[in-house]
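Chain by chain, the residues:
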Amino acid sequence: MAVQPEGSPCWADAMFRDLEGAKRFYGDLLGWTFAESSTEYGNYTEAYADGKAVAAVVPPMPGQDGQEGLSQWCLYFAAEDAAATAGRIRDHGGQVLMEPMAVGDFGTMCLARDPGGVVFGVWQAGTHEGFQAMAEPGAYVWAEVFTREPEKSDAFFPAVFSYRQRDMEDGEMDFRVYDLGERSVLGRMRMTEEFPPEMPPYINVYFTVADCDAAVAKATELGGELRFGPMTTPFGRFASISDPQGANLSLIDITMTEGHMPKLTDVS
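Everything numeric in this text was worked out from a predicted model, so none of it was measured.

Calculation criteria
Each chain has its residues counted from 1, following the order in which its sequence is written. At least 70 in pLDDT is required for a residue's local features to be given in this predicted model, at least 80 for side-chain atom pairs to be given and counted, and no such filter applies to totals for whole chains, interfaces and linings, which use all residues. Calculation of side-chain values draws on the structure's entire complement of heavy atoms; hydrogens and water are dropped beforehand. Among the buried residues, those of types Ala, Val, Leu, Ile, Met, Phe, Trp, Tyr and Cys that are joined through side-chain atoms within 4.5 Å form a nonpolar core. The cut-offs for exposure are 20% and 50% of the maximum accessible area for each residue type, with area from a 1.4 Å probe on protein chains only; residues under the lower value are buried, those over the upper are exposed, and the others partly exposed. Contact criterion: two residues are considered in contact whenever any of their non-hydrogen atoms come within 4.5 Å of each other. Ring pairs are drawn from Phe, Tyr and Trp, using the six-membered ring of Trp, whenever the two centres fall within 6.5 Å, and their geometry is named by plane angle: stacked under 30 degrees, edge-to-face over 60, tilted for the rest. Starting at the N terminus, helices and strands are each numbered in turn, a helix being any DSSP run of H or I of at least four residues and a strand any DSSP run of E of at least two.

**Q** Run through the nonpolar core, naming residues and quoting values.
**A** Of all hydrophobic cores here, the largest spans 67 residues; its most connected members are Trp-32, Trp-73 and Phe-120. If we skip the residues at most four places from it in the chain, Trp-32 touches Tyr-26, Gly-27, Ala-47, Tyr-48, Ala-49, Val-54, Ala-55, Trp-73, Gly-138 and Phe-207. If you look at the next biggest cluster of nonpolar residues, it comprises 13 residues, including Phe-146, Val-177, Met-199 and Tyr-202.

**Q** Which residues make up the packing of aromatic side chains, and what values do they have?
**A** By the definition in use, this model includes 24 aromatic pairs. Judged by centre distance (6.3 Å) and plane angle (35°), the ring pair of Phe-157 and Tyr-178 falls under tilted. Here Phe-157 is found in helix α3 (residues 150-161), whereas its partner Tyr-178 is found in strand β11 (residues 175-180), with 21 residues between them in sequence. You'll find Phe-157 and Tyr-178 in the same group, each marked buried. An angle of 35° between the planes, with centres 5.7 Å apart, marks the rings of Phe-161 and Tyr-163 as tilted. A relative accessible area of 3% means that Phe-161 is categorised as buried. Tyr-163 sits in the buried class, given a relative accessible area of 5%. Taken together, the ring pairs in this structure connect Phe-16, Phe-25, Tyr-26, Trp-32, Phe-34, Trp-73 and Phe-207 into an aromatic cluster.

See below:
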């Protein structure tokens, strides 16, 4: 797969205290296989679906083992120049949590937080270009910013990544789509009182499955927790779960659609 345009979701990883447990869970749930852990890079371990790189898991960095808090998936956005992107993040009210750092010849990474508290990553590709598969069983397909302060995300992400914004014409839901050119690349959802107050804002990643209901049954059998669904939508049948270590994600069967798409209204 070619390097993604700037602002495109290009990679996802998560930190787990029980790395072997995470590998068992996602291996059984999504059919992932795993590369040998890279001791040079903190036991960073790539995951593969049908032989294609789709994500990675990693243990806590030194000094983090005793910290409280649950695991969480981190979505990375493609950047032509990570340092320039970090500058735009600061200029528009975001916080750079980890300065751009070269990871061998694989690329350059940066971690940041938007003004509403949503953590994300930036990736300037080297030899590692990102997802080798998308929208295939076991692979990433979509993501949504879940935030209690949507106006902050709506001002920030389009300013940093030049997104065009469209609102879903649904009076019951505050949902916005961010586009790059003619391609929708990210959603934004307002967190309502249905979300526990202790749950921080985050980016919810979706992984593709062949059968959402069967995947949910497997996830709960493996120790995961169903949070929402399964529900059939215009985009596919999906459900939101937490894995056994608390990382939130969604599973979606994109072949199960209602046959019509919701209307979106341009706002930028």
